[in-house]
Amino acid sequence: MNIIRAKDYHDMSQKAAAVLAAQIIMKPDCVLGLATGSSPVGTYAQLVAWYENGALDFSKVTSVNLDEYKGLSGDNDQSYRHFMDQHLFSKVNIDIQRTFVPDGTEADSEKACQIHEQTIADVGGIDLQLLGLGHNGHIGFNEPADTFTAETHCVDLTESTIQANRRFFASADDVPRQAYTMGIRAIMQARKVLLVVSGADKAKAVKEAFFGPITPQVPASILQLHKDVTLVADEAALSMI
Ligand code: GLP
């Protein structure tokens with residue numbers, strides 16, 4: 001694993017954006033696995049800035065997102081489709097038809113997950129998967145569990161995740177209780193993984209994920225078995241290792 005130490009959130013975002021930019025420059029028709037949450041917001045902002053000054057071209061890029069709340073449509077400003085539109089898709093020249101986010105409006109969980117899984121296969125897998133890290137070690141919405149789940153699946157969100165994400169909603173009651181998430185297989189089969197982590201509140205999760213036992217109780221710990229993982233984290237997030 002390659003650990004890149006950043007000074008702070010801004011520095012982390014610049015460095016992570018540089019890794020993504022290199023991927024797009026090296027392979028313009030690459031497949032990016034994308035993530036939501038506050039961690040990658042600065043990364044996307046830097047990519048947009050490089051697009052605006054002509055340094056990056058997204059016209060041949062395909063993207064596949066990690067997850068989506070079950071029950072939220074893309075029009076809902078808390079949906080991950082809306083997040084991606086707001087922070088990246090509407091600001092660069094990516095072909096929106098080649099941006100794939102699980103369909104939160106599909107009530108049939110099995111169908112929604114099968115479609116996303118098939119999409120990942122159809123686009124030929126993921127060249128570079130961007131990930132954030134949950135406080136409980138989750139990646140995407142792969143929550144701590146007794147086993148790893150390989151394929152895209154519907155999850156019941158843990159109380160810790162509901163509380164962590166309530167800041168984006170009017171109240172905790174408004175946070176959806178379920179989500180569709182890419183499973184561990186597609187993440188582990190991504191040719192490269194880039195994890196962005198910031199803040200002292202993530203330090204314990206970083207330590208457990210990368211220096212603790214590999215266990216589904218800390219889903220990110222499976223990344224210890226991936227052959228090409230880059231962790232870009234700020235000093236606060238690395239303070240326990
Ligand atoms: C959310 C998302 C994850 C994200 C994580 C951390 O629940 N499903 O994909 O990486 O939690 O979020 P944040 O970056 O806001 O701390």
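Residues numbered from 1 in each chain as written. Predicted model: local features only at pLDDT ≥ 70, side-chain atom pairs only at ≥ 80, totals over all residues. Heavy atoms only, no water.

The environment of the ligand is formed by 15 residues, the closest being Ser38, Ser39, Asp67, Phe141 and Lys202. Taking Ser38, its side chain carries an N or O atom lying 2.7 Å from an oxygen atom of the ligand. Here Gly140 contributes a backbone N or O atom positioned 3.2 Å from a nitrogen atom of the ligand. Of the residues that constitute the shell around the ligand, the class distribution is 3 nonpolar, 9 polar and 3 charged. (Near = heavy atom within 4 Å. Polar contact = N/O pair within 3.5 Å; in protein donor to acceptor, adjacent residues only side chain to side chain. Nonpolar A, V, L, I, M, F, W, Y, C, P; charged D, E, K, R; others polar.)

Burial of strand E3 (residues 62-65) is two-sided: the residues Thr62 and Val64 facing one way and the residues Ser63 and Asn65 facing the other way are all buried. Pairing of strand E2 (residues 31-34) with E3 involves 4 bridges; the strand directions are parallel. Residue pairing for E3: Val31 is matched across the bridge by Thr62. In the classification by handedness, the crossover that spans E2, the intervening helix H2 (residues 41-52) and the parallel E3 is right-handed. Relative to strand E5 (residues 99-100), E3 is paired through 2 bridges, and the arrangement is parallel. (Buried < 20%, exposed > 50% of the residue type's maximum accessible area, 1.4 Å probe, protein only. Helix = DSSP H or I, 4+ residues; strand = E, 2+ residues; numbered from the N terminus. Pairing = 2+ DSSP bridges. Right-handed = clockwise from strand over helix to strand, strands pointing away.)

Before going further, it helps to examine the pairing of E2. If a strand is regular, its side chains alternate between the two faces of the sheet. Side chains Val31 and Gly33 of E2 all project onto a buried face; the interleaved residues Leu32 and Leu34 project onto the opposite face, where all are buried too. Strand direction decides the pairing type here: E2 and strand E6 (residues 128-131), joined by 2 bridges, are parallel. Within E6, the residue paired with Leu32 across the bridge is Leu128.

Considered as a void within the structure, the largest pocket measures approximately 640 Å³ in volume. As for the largest pocket, its lining consists of 36 residues, and the residues nearest its centre are Thr36, Gly37, Ser38, Asn165 and Arg167. Sorting the residues of the lining of the largest pocket by element identifies strand E4 (67-69), helix H3 (80-87) and helix H5 (159-165) as the ones contributing at least two each. In terms of residue count, H5 provides more of the lining of the largest pocket than any other element does, 4 residues in total. Looking at side-chain class alone, the lining of the largest pocket contains 14 nonpolar, 17 polar and 5 charged residues. (1 Å grid on protein atoms, 1.4 Å probe; cavity = no way out; pocket = protein on both sides within 12 Å on 5 of 7 lines; lining within 4 Å. Points joined across faces, edges and corners; volume = space filled by probe spheres on them.)

Turning our eyes to something else, we now look at the packing of aromatic side chains. Under the criterion given, the structure shown has 6 aromatic pairs. Each ring, one from Tyr69 and one from Tyr80, has its centre 4.8 Å from the other, and the planes form 45°; the classification is tilted. Taken together, the residues span a long stretch of sequence, with Tyr69 in strand E4 and Tyr80 in helix H3 at a distance of 11 residues. Using a relative accessible area of 1% as the deciding quantity, one classes Tyr69 as buried. Here Tyr80 falls in the buried class, since its relative accessible area comes to 11%. Summarising the aromatic geometry, the rings of Tyr69 and Phe141 are spaced 5.6 Å apart at their centres and angled 45° between planes, so their arrangement reads as tilted. (Phe/Tyr/Trp six-rings, centres within 6.5 Å; stacked < 30°, edge-to-face > 60°.)

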